[in-house]
There are 2 protein chains.
Amino acid sequence: MVTTRNTRDDVVQAAGRLFAERGYHGTSMRDLGSELGLLGSSLYAHVSSKQDLLVDVVEEGARLFEASAQNALAVEGTPGDRFRALISGHVDVVIDNIDVARTFLNEARMLDHEHRSRVVAARDAYEGAFRTVIAQGVSEGYFREDIDPKTSSIFVLSVLNALERWYRPDGPLDRDALVDELSMFAASALS
Amino acid sequence: MVTTRNTRDDVVQAAGRLFAERGYHGTSMRDLGSELGLLGSSLYAHVSSKQDLLVDVVEEGARLFEASAQNALAVEGTPGDRFRALISGHVDVVIDNIDVARTFLNEARMLDHEHRSRVVAARDAYEGAFRTVIAQGVSEGYFREDIDPKTSSIFVLSVLNALERWYRPDGPLDRDALVDELSMFAASALS
DNA sequence: CCGTAACAAACGAACGTTCGTTTGTCTATG
DNA sequence: CATAGACAAACGAACGTTCGTTTGTTACGG
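The shown structure was predicted, so the numbers you read here are calculated from the model rather than taken from an experiment. (Residues numbered from 1 in each chain as written. Chains lettered and ligands numbered in written order. Predicted model: local features only at pLDDT ≥ 70, side-chain atom pairs only at ≥ 80, totals over all residues. Heavy atoms only, no water.)

Enquirer: I'd like a rundown of the overall build of chain A, residues and numbers included.
Expert: Looking only at helices and strands, chain A features eight helices and zero strands. Ordered by position in the sequence, the α and β elements of chain A form the string α-α-α-α-α-α-α-α. Each principal axis of the C-alpha distribution contributes one length, and for chain A these read about 60 × 40 × 25 Å. A total of 191 residues make up chain A; the buried ones form 47% of that total. Pairs at least 24 residues apart make up 67% of the contacts formed inside chain A by residues separated by at least 6 positions. Summed over all atoms, the accessible surface of chain A reaches about 9200 Å², with 49% contributed by carbon and sulfur. Averaged over its 20 positive side-chain charges, chain A has a centre that lies 6 Å from the centre of its 30 negative ones. (Helix = DSSP H or I, 4+ residues; strand = E, 2+ residues; numbered from the N terminus. Buried < 20%, exposed > 50% of the residue type's maximum accessible area, 1.4 Å probe, protein only. Contact = heavy atoms within 4.5 Å. Areas by Shrake-Rupley, 256 points an atom, 1.4 Å probe, with all protein chains shown as cover. Lys, Arg positive; Asp, Glu negative; His and termini not counted. Charge placed at Lys NZ, Arg CZ, Asp CG, Glu CD.)

Enquirer: An account of the protein's contact with DNA strand C is requested, with residue identities and associated values reported.
Expert: Around DNA strand C sit 17 residues in total, of which Arg5 and Leu39 of chain A together with Met29, Tyr44 and Lys50 of chain B are the nearest. Within 4 Å of the protein, the contacting atoms of DNA strand C are 58% sugar and phosphate, with bases supplying the remainder. One of the side-chain N or O atoms of His46 of chain A is found 2.8 Å from a phosphate oxygen in DNA strand C. Within the side chain of Lys50 of chain B, a nitrogen or oxygen atom sits 2.7 Å from a phosphate oxygen of DNA strand C. (Near = heavy atom within 4 Å. Polar contact = N/O pair within 3.5 Å; in protein donor to acceptor, adjacent residues only side chain to side chain.)

Enquirer: Give a description of the pattern of salt bridges that names residues and reports values.
Expert: All names here are of chain A. All chains considered together, the criterion is met by 26 salt bridges over all chains. Across the pair Arg118 and Glu59 runs a salt bridge whose closest N-O atoms are separated by 2.9 Å. Taken together, the positions of Arg118 in helix α6 (residues 113-139) and Glu59 in helix α3 (residues 50-73) put the pair 59 residues apart, joining distant regions of the chain. When its relative accessible area of 23% is taken as the criterion, Glu59 is described as partly exposed. (Salt bridge = Lys/Arg side-chain N within 4 Å of Asp/Glu carboxyl O.)

Enquirer: Could you give me a rundown of the packing of aromatic side chains, with the residues and numbers involved?
Expert: Within this structure, the stated rule accounts for 15 aromatic pairs over all chains. When the ring of Tyr126 of chain A is compared with that of Phe130 of chain A, the centres are 5.2 Å apart and the planes differ by 65 degrees; the resulting orientation is edge-to-face. One end of the pair is Tyr126 of chain A and the other is Phe130 of chain A, both in helix α6 and four residues apart, which spans about a single turn. For Tyr126 of chain A, a relative accessible area of 9% gives the class buried. With a centroid separation of 5.3 Å and 75 degrees between ring planes, the pair formed by Phe83 of chain B and Phe143 of chain B is classed as edge-to-face. Of this pair, Phe83 of chain B sits in helix α4 (residues 79-96) while Phe143 of chain B sits in the loop between α6 (113-139) and α7 (149-166), and the two are 60 residues apart along the sequence. Among the residues examined, Phe83 of chain B registers a relative accessible area of 3% and is labelled buried. Through pairs of rings, three or more aromatic residues link up here, namely Phe155, Trp166 and Phe185 of chain A together with Phe155, Trp166 and Phe185 of chain B. Here the guanidinium or amino end of Lys50 of chain B rests over the ring plane of Tyr24 of chain B, the centre of that ring lying 4.3 Å away. Of note, Arg123 of chain B hangs over the ring of Phe104 of chain B, and the distance from its end group to the ring centre comes to 5.2 Å. (Phe/Tyr/Trp six-rings, centres within 6.5 Å; stacked < 30°, edge-to-face > 60°. Lys NZ or Arg CZ within 6 Å of the ring centre and 35° of its normal.)

Enquirer: Give a detailed account of α3 of chain A, specifying residues and quantitative values.
Expert: An α-helical turn contains 3.6 residues, so any two residues separated by three or four positions project in the same direction. Residue and element names in this part refer to chain A. For α3, with 24 residues, the first-to-last C-alpha span of 35 Å sits near the 34 Å given by 1.5 Å per residue. Of the residues making up α3, those classed as buried are Lys50, Leu53, Leu54, Val55, Val57, Val58, Gly61, Ala62, Phe65, Ser68, Ala69 and Ala72. The inward-facing, buried residues of α3 contact α1 (8-22), α2 (29-35), α4 (79-96), α5 (98-107) and α6. Of the residues flanking the start of α3, the one acting as N-cap is Ser49, its side-chain oxygen 3.1 Å from the backbone nitrogen of Asp52. (Expected span 1.5 Å × (residues − 1).)

Enquirer: Just give me the short version of the protein's contact with DNA strand D, but keep the residues and values in it.
Expert: Surveying the vicinity of DNA strand D reveals 17 residues, the closest of which are Met29, Tyr44 and Lys50 of chain A together with Arg5 and His46 of chain B. At the protein interface, 57% of the atoms of DNA strand D within 4 Å belong to sugar or phosphate. In the environment of DNA strand D, a phosphate oxygen lies 2.7 Å from a nitrogen or oxygen atom belonging to the side chain of Lys50 of chain A.

Following this line, the structure appears as structure tokens:
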């Protein structure tokens, strides 16, 4: 008989899964316990509060997106290369961490003011990376001159963030096809 | 002193506002009562359950989007004209009924199976309208030949649905500017 | 190598609070 | 005067969390 014991990371991961599926307020500590074969009360051996779990999941999401943006901004080559790196990195973050990404995108507003403003700042910085690269693309002639980097970055991020809503691992588009389709769509929109 | 009494529509409208802001599970009947200057229990003079309120709001959303799609499909002229009508109608629905739209887009999954599958069907039909018009555009030479109407409709709807997340009535883009920017972006992406 | 102390993980009961909802009563309006 | 709207009290269930305790594993001194 294999009695696997749970670690804190198991709890955080399961929390991400349930928060993504049912929402933060739609998930009870007893729900979360059941998911791990535990009582709700047993979770407090690993975490200090339910809010704490949300903080952990959302901050991991913020870290993942931030790292992806930093990586893309450092890509040498044309603005088009960096633009594609932003898209490729975003796709990787979402499909490799779908629960974290969904919780980050949908449940961050349930955080208290302090933590939420940290997340808002992270999101603004992430959008700033897109704006920067798009502005580079405009000034270097890769994109149309009449596009507004601010508005365009919102539109492009809209398409990327929606991935969380419809992507299925067993769907017809694998990672590479997804990046191709998204890059083509977004690049065409700006060219 | 004007003590306006509340009607059922007042309750549904306030429910839409709170569901949009805090989510269905993040809104209590006492919260909703406070919003109207009532006790939570007083709401039961108007509705039979909290779930009922969600059904009302979400179904109104479904009706609004469906009507908009029907209207756009009936537009005479080029596929480009119908495509712009789809976008224009979507923008109108969202900015004129922001709370209903947000609840429809984000809280429909909290419905029980029966009602949710009705909403999923409505959403599929709405996406179908986009797919149809895009396919017309491809076969009549308005859009690129190598685009997939199914994938493209998802991408275009991603941009439109995200409007709910960042649109502010006092923002720099008014309705017409919004329709212009979105139509330009989407049409460029497909051309 | 054995025995024991320390520890982390989980239990199960209970806490106070909030939840959605029901009930019976009052009040104002048409 | 009938009725719809609101009140206020109360219901049982569920909530997040705490508590004292038990269990299984790990580390170490003799």
